[in-house]
Amino acid sequence: MSVITCHDCGLDQTYKPLNEGHRLLCCRCGGVLSVCRRQWLNCLMSFSLSGLVFLFLSLVFPFLSLQSHGIVQTVTLPSAIFMIWQSGYGLLSLILTVFTLLLPAIICLSMLYGLLPYRLGGSAFPGTSGLMHCVMRMQQWSMAEVFIIGVLVSLIKLSSLADIQMGSSFWCYIGLSSCVIGIVLSLDKRQLQNIGVATVLPESPKKYSLQKCCSYLFTACLLYVPANLLPITKTFMFGQEDTVTILGSVILLWSHGSWLVAGVIFMASIVIPIAKILALGYLCLLVKMELLERPADLTKLYRWVEIVGRWSMIDVFVVAILVSVVQFGGVASLTAEPGILAFFGVVVLTMLAADHFDVRSLWQFAPSVTGQSDE
């Protein structure tokens, strides 16, 4: 029997080694402590190698081709990033590079670096344990699947402006996104520890977690005002300029009959950020006032905040895509405005606030229990 500490409620409990297809649940809060998926090691190796291949192919082939008023524009992912940089939006191009290309590549390379020696029967490479820990932490910041949704939303927005053809790179990037999701679903720290490529250390309490979380939330609230009042894009079409805010883009899409896209943007850019700020603020207030009567329900609320927060990046990716592809000379062009950078700040700050909140503080007055649960 071994001892495992729940990362959500902090309870120490004993467990037996898991068989393939089983998972270990905390007997107090119900959180998933460990998962042993079938053929998990082969899956991780396959997803990592395939992800790198898909990433390479997504960089060399055309991503999108647009035709409008006799002007044809073909865009690759590197050229889109370079075009955004050349237009004076260095931060926006950096955001696109880090979250959609660099982090997925690091995850795939790190898994091969850590698992290949074990597969070949040798000893682990230096720094493997620390690298695996970093991979576990950076999962939520890798946003390949969020970028795909952003591309689809952009295509619906562009459908009235130009004829669009999907390139081979687009389908390869979907393959990359699927591989990264497969890695996240197959990756388990306990299983990595069992084969000797990771060390699971007891999690120490997060210092000043409440103060840090509140600071990030307060700054996010300050940025949320300009993020919604300032325009996020400026469109130039046939000599006429038009600026649009986040809410303005939702209203415009709704009036044009794109109800689904308007709903996605409304949920991702308005509802989710407000809900995250309110939910985290509510949790911080309860911890501060020591009103923690139903910690299991509060923990579920925190898990929801952790999961949905990254999807607010959809609007940032939509603007980045539109800026890179809507460049038809004097006929039509689109530029980014300060509002989108303020909104990016809101998304990142709320994610940092959730990351620094110590969910174990919700269980500080809960009675201890013993045992284990698996299925």
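Just above, that's the structure.
Residues numbered from 1 in each chain as written. Predicted model: local features only at pLDDT ≥ 70, side-chain atom pairs only at ≥ 80, totals over all residues. Heavy atoms only, no water.

(A) Examining the packing of aromatic side chains more closely. Tallied over the full model, the rule gives 10 aromatic pairs. Residues Trp-254 and Trp-259 carry aromatic rings whose centres are separated by 6.1 Å and whose planes lie at 45° to one another, so their mutual orientation is tilted. Grouped by ring-pair contacts, the aromatic residues Phe-63, Phe-147, Phe-170, Trp-171, Tyr-173 and Phe-317 constitute a single cluster. (Phe/Tyr/Trp six-rings, centres within 6.5 Å; stacked < 30°, edge-to-face > 60°.)

(B) View of the pattern of salt bridges. If you walk through the whole model with that rule in mind, you get 5 salt bridges. Here Arg-303 makes a salt bridge to Asp-8, at a shortest N to O gap of 2.8 Å. Note that Arg-303 is positioned in helix H11 (residues 295–308) and Asp-8 in the loop between strand S1 (2–5) and strand S2 (12–15), a separation of 295 residues in sequence. We classify Asp-8 as buried; its relative accessible area is 7%. (Salt bridge = Lys/Arg side-chain N within 4 Å of Asp/Glu carboxyl O. Helix = DSSP H or I, 4+ residues; strand = E, 2+ residues; numbered from the N terminus. Buried < 20%, exposed > 50% of the residue type's maximum accessible area, 1.4 Å probe, protein only.)

(C) Looking closely at the environment of Gln-73. In this fold, Gln-73 is placed in strand S6 (residues 71–75). You can call Gln-73 buried: its relative accessible area is 11%. Placed 117 residues apart in sequence, Gln-73 and Arg-190 show a C-alpha to C-alpha distance of 49 Å.

(D) Examining the environment of Val-264 more closely. Relative to the elements of secondary structure, Val-264 occurs in helix H10 (residues 259–289). With relative accessibility at 28%, the residue Val-264 sits in the partly exposed group. Taking the C-alpha atoms as reference points, Val-264 and Ile-195, 69 residues apart in sequence, are found 42 Å from one another. When near neighbours in sequence (up to four residues on either side) are disregarded, Val-264 contacts Val-153 and Ile-314. (Contact = heavy atoms within 4.5 Å.)

(E) Spotlight on H10. In a regular helix each residue adds 1.5 Å, so 31 residues correspond to 45 Å; H10 covers 42 Å between its end C-alpha atoms and thus fits that length. Remark: the principal bend of H10, roughly 35°, maps to Met-267. (Expected span 1.5 Å × (residues − 1). Bend = angle between axes of the 7 residues up to and from the residue.)

(F) Structural view of unusual backbone geometry. Of note, the phi angle at Gln-39 is positive, near 55°, even though the residue is not glycine. Within the fold, Gln-39 resides in the loop between strand S4 (32–36) and helix H1 (40–60). Here Glu-290, not a glycine, exhibits a phi torsion of approximately 60°, which is positive. Residue position: Glu-290 is located in the loop between H10 and H11.

(G) A look at helix H9 (residues 246–255). Of the positions making up H9, those classed as buried are Ile-246, Ser-249, Val-250 and Leu-253. Each buried residue of H9 lies within a common arc of 100° when the element is viewed along its axis, so the set occupies one face. H9 presents Ile-251 and Ser-255 as exposed residues on the side facing more than 90 degrees away from its buried surface. Buried residues belonging to H9 abut helix H5 (144–158), helix H8 (209–229), strand S9 (240–244), H10, helix H12 (314–325) and helix H13 (338–356). The residue sitting at the N-terminus of H9 and contributing the capping side-chain oxygen is Thr-245; that oxygen lies 3.1 Å from the backbone nitrogen of Gly-248. Backbone geometry just after H9 places Gly-257 at a positive phi near 90°. (Arc of directions from axis to C-beta. Polar contact = N/O pair within 3.5 Å; in protein donor to acceptor, adjacent residues only side chain to side chain.)

(H) How the structure looks around the environment of Tyr-282. Along the polypeptide, Tyr-282 turns up in helix H10. Residue classification places Tyr-282 among the partly exposed positions, given a relative accessible area of 44%. Sequence separation between Tyr-282 and Leu-298 is 16 residues, and the spatial gap between their C-alpha atoms is 9.6 Å. Filtering out sequence-adjacent residues up to four positions away, Tyr-282 remains in contact with Leu-298 and Leu-301.

(I) Summary view of the state of the cysteines. Inspection of the entire model under this criterion finds 0 disulfides. For Cys-27, which is in no disulfide, the shortest distance to another cysteine sulfur is to Cys-26 and amounts to 5.2 Å. Here Cys-221 stays unpaired: no disulfide links it, and the sulfur of Cys-214, its closest cysteine neighbor, is 10 Å away. (Disulfide = S-S within 2.5 Å.)

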